[in-house]
Amino acid sequence: MQAIVWTKYGSPDGLQLKEVEKPVPKEDEILVRIRATTVTAGDCEMRRLQLPLMLSFPMRLYAGLIRPTRIPILGQELAGDVTAVGQHVTSFKTGDPVFGTTGFRFGAYAEYICLKASPNETQGSLAHKPATMSYEEAAAVPTAGFEALHFVRQAAVQPGQKVLVFGAGGSIGTFAVQLAHAFGAAVTAVDSAPKLAMLRSLGADQVIDYAQQDFTRNGETYDVIIDVVGKQGFARRLKSLNPNGRYFLANAGLSHLLRGRWTSMTSSKKVVISSSSQTQEDLLFLKDLIEAGKLKSVIDDRRFALAQIPEAHRYAETGRKIGNIAITVGGDGG
Ligand SMILES: NC(=O)c1ccc[n+]([C@@H]2O[C@H](COP(=O)([O-])OP(=O)(O)OC[C@H]3O[C@@H](n4cnc5c(N)ncnc54)[C@H](OP(=O)(O)O)[C@@H]3O)[C@@H](O)[C@H]2O)c1
């Protein structure tokens, strides 16, 4: 089968299309013919090994000190069709369309993958694909959907609360806007101008172009801030949080950790830095919302085929992508 093999840390040139052995499912696994995968900001950070300090060394130990020998193929999320099942598998059958994540094994930048039929959290998550979505749309749901759901649940968002999503037009943000809206919040979405109309269509009540307006200086305060950008200005953004408000960070560095801990200890504001777990239960929860018409994935107009994944990584790093980048596997992409 064909796969994009991860040969070195650093630039997308280290992602190379190669012929590799097609996997064979063990007795508790299914073999999936992958029809779509994604390129996320997280995939690019992993490729560069440009991760927060507390993650980069353990990840290098895990993936390989010099080269990523223990993770030959990147890619965390996928949608496809079951083409074979192990003898102990009863929950899926050949021909079933599925979607899910690969957990710490990665491996979705390929034509086929073997997945546990009942994965634990480190092995990913798996469910039947929502009937209302294409393979590309379904592949873009799990990792960012889990993260957004985690934030909205931890915030215990209530109807009428004011929620601001900072970096709303990307993978996590587009799901966070929809979920906060579905939970009844008044949502303000902050991102660049080309994404604002899309964000309104997802349910944002207010949109702010961050190049035109600094929301920390507009006099408004919020009950919940979901920040997927991180970067500078964290201390100023904290001032836009109401007393008893909660601030969630998807992309926390050491300074965010220290400042966040201090704020949580010395004021009524709480800074929460934690990540979602990838459970089948949450995947089914997202699937139900999708099939009820309350959640959709936003896919960038630029489509890519498996062989174009290095190009898709370069595009992801331009900052121009809208929502998610989908990769069509076994199709024309382009
Ligand atoms: N996706 C996941 O499942 C996941 C899970 C855990 C953690 N994370 C981490 O969370 C972070 C975000 O992930 P993501 O996948 O949502 O990234 P993404 O798709 O790249 O979205 C980030 C969004 O933030 C916007 N942005 C950049 N600078 C901004 C600014 N100063 N003000 C407002 N908006 C700004 C970007 O727009 P422009 O480019 O137009 O500026 C983009 O729309 C990454 O560091 C990732 O590693 C991701």
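So, a few notes on the structure that sits alongside this text. (Residues numbered from 1 in each chain as written. Predicted model: local features only at pLDDT ≥ 70, side-chain atom pairs only at ≥ 80, totals over all residues. Heavy atoms only, no water.)

1. A short note on the packing of helix α4 (residues 142–154) against helix α9 (residues 280–291)
Each packed pair of helices is defined by two parameters, the angle between the axes and the distance between the axes. Closest axis-to-axis distance for the α4/α9 pair is 10 Å, and the angle between their directions is 90 degrees. By the angle between their axes, α4 is roughly perpendicular relative to α9. Facing α4, whose interface residues are P142, G145, F146, L149 and R153, α9 presents D282, L283, F285 and L286. Partitioning the contact of α4 with α9 into residue classes produces 6 nonpolar, 1 polar and 2 charged. (Axes fitted to C-alpha atoms, helices over the stretch in contact; angles between N-to-C directions. Helix = DSSP H or I, 4+ residues; strand = E, 2+ residues; numbered from the N terminus. Parallel < 35°, antiparallel > 145°, perpendicular 65-115°, else oblique. Contact = heavy atoms within 4.5 Å. Nonpolar A, V, L, I, M, F, W, Y, C, P; charged D, E, K, R; others polar.)

2. Points about the site of the ligand
Surveying the vicinity of the ligand reveals 24 residues, the closest of which are E45, D191, S192, Y210 and K321. One of the side-chain nitrogen or oxygen atoms of D191 is found 2.7 Å away from an oxygen atom of the ligand. In this structure, an oxygen atom belonging to the ligand sits 3.2 Å away from a side-chain N or O atom of N251. Taking 890 Å² as the accessible area of the ligand by itself, protein coverage stands at 82%. Breaking the shell around the ligand down by element, the ones donating at least two residues are α1 (41–48), α4, α5 (171–182) and β9 (186–191). Taken together, the residues of the shell around the ligand break down into 9 nonpolar, 9 polar and 6 charged. Both of domain 1 (2–141 + 297–328) and domain 2 (144–272) provide at least three residues apiece to the shell around the ligand. (Near = heavy atom within 4 Å. Polar contact = N/O pair within 3.5 Å; in protein donor to acceptor, adjacent residues only side chain to side chain. Areas by Shrake-Rupley, 256 points an atom, 1.4 Å probe, with all protein chains shown as cover. Domains from an automatic or database assignment.)

3. Some words on the pattern of salt bridges
Considering all chains together, one arrives at 14 salt bridges under this definition. Residue D191 pairs with K195 through a salt bridge whose shortest N-O separation is 3.5 Å. Under the relative-accessibility criterion, D191 is labelled buried at 7%. Residue E311 is joined to R302 by a salt bridge in which the shortest nitrogen-to-oxygen separation is 3.1 Å. Owing to a relative accessible area of 36%, E311 belongs among the partly exposed residues under this scheme. (Salt bridge = Lys/Arg side-chain N within 4 Å of Asp/Glu carboxyl O. Buried < 20%, exposed > 50% of the residue type's maximum accessible area, 1.4 Å probe, protein only.)

4. Digging into the packing of α4 against α5
Relative orientation of the contacting elements α4 and α5 amounts to 45 degrees, with a least axis distance of 8 Å. With respect to their mutual orientation, α4 and α5 come out oblique. Note that α4 runs across α5; the crossing there is right-handed. When α4 is examined against α5, the residues A144, G145, E147, A148, L149, F151 and V152 are found in contact with a partner set consisting of S171, I172, F175, A176, L179 and A180. Each residue belonging to the contact of α4 with α5 can be placed in one class, and the counts come to 10 nonpolar, 2 polar and 1 charged. (Left-handed = near helix turned anticlockwise from the far one by under 90°.)

5. Observations regarding the environment of A189
The residue A189 is located in strand β9 in this model. Assessed through its relative accessible area of 0%, A189 is described here as buried. The sequence separation of A189 and A204 amounts to 15 residues, and the corresponding C-alpha distance is 6.0 Å. Residues contacting A189, with those up to four places away along its chain left out, are V165, A168, V177, L199, A204, Q206, V207 and I208.

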